[in-house]
Amino acid sequence: MNGIKIRGTGRGVPEQTVCNAEIAGRVDTSDEWITSRTGIRLRHHSREGESFLSMTASAARRALENAGVGPEEIGACIVATLSADTLVPSAACLLQRELGLPEDILCFDLNAACSGFLFALHTMECLLNAAPRKYGLIVGAEQLSRLINWEDRGTCILFGDGAGAAVVESREGFPTISAVMGCHGNDALLHVPGAETGGRSLISMEGTKVFKFAVEAVPWCIRQVLDKAGKTMDDVDFFVLHQANARIMDLAVRRCRIPPEKCYQNIGEYGNTSAASIPLVLSELHEQGKIGPGSRVLAVGFGGGLTWGGCLIEFA
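Enquirer: Honestly, the overall build of the chain in this entry has me stumped. Any pointers?
Expert: When its secondary structure is counted, the chain shows 10 helices and 13 strands. With the C-alpha coordinates aligned to their principal axes, the bounding extent of the chain is approximately 55 × 45 × 35 Å. Looking at the chain as a whole, 58% of its 316 residues qualify as buried. Counting every atom, the chain has about 13200 Å² of accessible surface; 48% of that belongs to carbon and sulfur.

Encoded structure:
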């Protein structure tokens, strides 16, 4: 099976930022309380009239331009999300129309919560092996601000909006991304009610239990991916973890003995953006020149489902 490499990245986020002091004006909390427990200082929230599609299209256009790939060259499009504008049509189909992607390709949404972008990468690797065109477009995007329960201090401080995109290429001789994925059905720890269920579609989370799950899942995924790829910590240029909580990432870094400079964090500026968090980090690292052709990035995600996953991504 041919593997995939990332050729280009991009991101799109709302201009409006919400600081901790503004959150404290709505609920019983403080800047110090939020920062010390999560590492979050800001998050982006969409204004009225800003759509999910506008974010995804902005991120995707930048990724295509960065990759030097035209819309007509795309062989499949996946949008990883739990918060699209509509259930039908899918966000991926609307993005296809917006970008002018070919009509004879697969376009669909994938919901694996915060692990979604990695699930989509693995899915795309499989799809492109059978596709006539060898470039794929993957977008991780969320508009979580409209799912926030402002009566729940434990969750309303966490979430933000944003989109990150990657254009990947499948080619003979490219290494597999050595994906390690898993799921465990659990509707108690992290839950968003669906349409017509009688409950409001707001995020509900058992934060302490999710924390315990994450600090076990991240080191396990890192070890499994390295073993599957036949690599060591020294072979990895950056470790990109789902930006859920700075304390989770710091603990994982210590447990795995990762050099801190190899684990980039942007949770302070974006908060938890679920499926968008990993591609947002990749885009920032790429734009800053910290990763580029030949770079290896080990990414790990975890989230509602429960889901978890990791993979080793190379840049073309």
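Moving on, there is more to tell.
Enquirer: Even after reading the chapter, I still don't get the side chain of Ser-145, so can you show me in this structure?
Expert: Following the sequence through the fold, Ser-145 ends up in the loop between β6 (135–143) and α6 (153–156). Classification of Ser-145 by relative accessible area gives buried; the value is 18%. Leaving out residues up to four positions away in the same chain, Ser-145 has contacts with His-45, Ser-46 and Asp-161.

Enquirer: Where do I start with the sheet that holds strand β11 (residues 238–241) in this structure?
Expert: Picture the strands of a sheet paired through backbone hydrogen bonds; they go either parallel or antiparallel. Taken in spatial order, the four strands line up as β8-β13-β12-β11 in an open sheet, and their pairing is mixed. Both outer strands of the open sheet, β8 (180–186) and β11, are each paired with one neighbouring strand and no more. Each neighbouring strand pair of the sheet contributes to a mean axis angle of 10°, computed without reference to strand direction. Relative to strand β13 (residues 305–314), β8 runs antiparallel, the two sharing five bridges.

Enquirer: Mind showing me how you'd approach the packing of aromatic side chains here?
Expert: We describe a pair of aromatic rings using the distance from one ring centre to the other and the angle between the two ring planes. Enumeration according to the criterion identifies one aromatic pair in this entry. Relative to Trp-308, the ring of Phe-213 lies with its centre 6.2 Å away and its plane at 65°, an arrangement referred to as edge-to-face. In this pair, Phe-213 sits in helix α7 (residues 207–229) while Trp-308 sits in strand β13, placing the two residues 95 residues apart along the sequence. Given a relative accessible area of 17%, Phe-213 falls into the buried group. Taking the relative accessible area as the measure of exposure, Trp-308 reaches 19% and is therefore buried. Residue placement shows Arg-26 over the ring face of Trp-150; its charged tip is 3.9 Å from the ring centre.

Enquirer: I keep staring at the pattern of salt bridges and nothing clicks. Help me out?
Expert: Side chains that differ in charge, positive against negative, can pair when their charged atoms come close. Per the stated rule, a full pass over the model turns up 10 salt bridges. With a shortest N-O distance of 2.0 Å, Arg-41 and Glu-269 are connected by a salt bridge. Here Arg-41 is found in the loop between α2 (31–38) and β3 (42–44), whereas its partner Glu-269 is found in helix α9 (residues 267–270), with 228 residues between them in sequence. Assessed through its relative accessible area of 42%, Arg-41 is described here as partly exposed. The partly exposed category is assigned to Glu-269, whose relative accessible area is 31%. Close ionic contact of Arg-171 with Glu-169 constitutes a salt bridge, the shortest N to O distance being 2.6 Å. The class of Arg-171 is partly exposed, set by a relative accessible area of 42%. Through salt bridges with shared partners, a single ionic network connects Lys-5, Arg-296 and Glu-314.

Enquirer: Hey, could you run me through the pairing of strand β5 (residues 106–110) in this one?
Expert: Along any regular strand the residues' side chains alternate between the sheet's two faces. Pairing of strand β4 (residues 74–80) with β5 involves five bridges; the strand directions are parallel. Bridged to Ala-76 within β5 is Leu-106.

Enquirer: Would you take a moment to explain the sheet that holds β4 for this structure?
Expert: An order of β1-β7-β6-β4-β5 is seen for the five strands of this open sheet, with the pairing classed as mixed. Each edge of the open sheet carries a strand with a single partner, namely β1 (3–12) and β5. The sheet shows a mean angle of 20° between the axes of neighbouring strands, direction not considered. Direction of pairing for β1 relative to strand β7 (residues 161–171): antiparallel, over a ladder of nine bridges. Note that in β7 the partner of Ile-4 across the bridge is Ser-170. Running at roughly 135° to β5, helix α4 (residues 91–99) makes contact with β4, β5 and β6 of the sheet. Contacting β1, β6 and β7, helix α10 (residues 277–287) runs over the sheet at an angle of about 90° to β1.

Enquirer: Looking at this structure, how should I read the packing of helix α3 (residues 52–67) against α4?
Expert: A pair of packed helices is characterised by two quantities: the angle between their axes and the separation of those axes. Interhelical geometry of α3 versus α4 gives an angle of 60° and a closest axis separation of 10 Å. It follows from the interaxial angle that α3 and α4 lie oblique. Considering the relative orientation of α3 and α4, their crossing is right-handed. Across the interface between the two elements, Phe-52, Leu-53, Thr-56, Ala-57, Ala-60, Arg-61 and Leu-64 from α3 touch Ala-91, Leu-94, Leu-95, Glu-98 and Leu-99 from α4. Along the lines of polarity and charge, the residues of the contact of α3 with α4 split into nine nonpolar, one polar and two charged.

So, how was this worked out
Residues numbered from 1 in each chain as written. Predicted model: local features only at pLDDT ≥ 70, side-chain atom pairs only at ≥ 80, totals over all residues. Heavy atoms only, no water. Helix = DSSP H or I, 4+ residues; strand = E, 2+ residues; numbered from the N terminus. Buried < 20%, exposed > 50% of the residue type's maximum accessible area, 1.4 Å probe, protein only. Areas by Shrake-Rupley, 256 points an atom, 1.4 Å probe, with all protein chains shown as cover. Contact = heavy atoms within 4.5 Å. Pairing = 2+ DSSP bridges. Axes fitted to C-alpha atoms, helices over the stretch in contact; angles between N-to-C directions. Phe/Tyr/Trp six-rings, centres within 6.5 Å; stacked < 30°, edge-to-face > 60°. Lys NZ or Arg CZ within 6 Å of the ring centre and 35° of its normal. Salt bridge = Lys/Arg side-chain N within 4 Å of Asp/Glu carboxyl O. Parallel < 35°, antiparallel > 145°, perpendicular 65-115°, else oblique. Left-handed = near helix turned anticlockwise from the far one by under 90°. Nonpolar A, V, L, I, M, F, W, Y, C, P; charged D, E, K, R; others polar.

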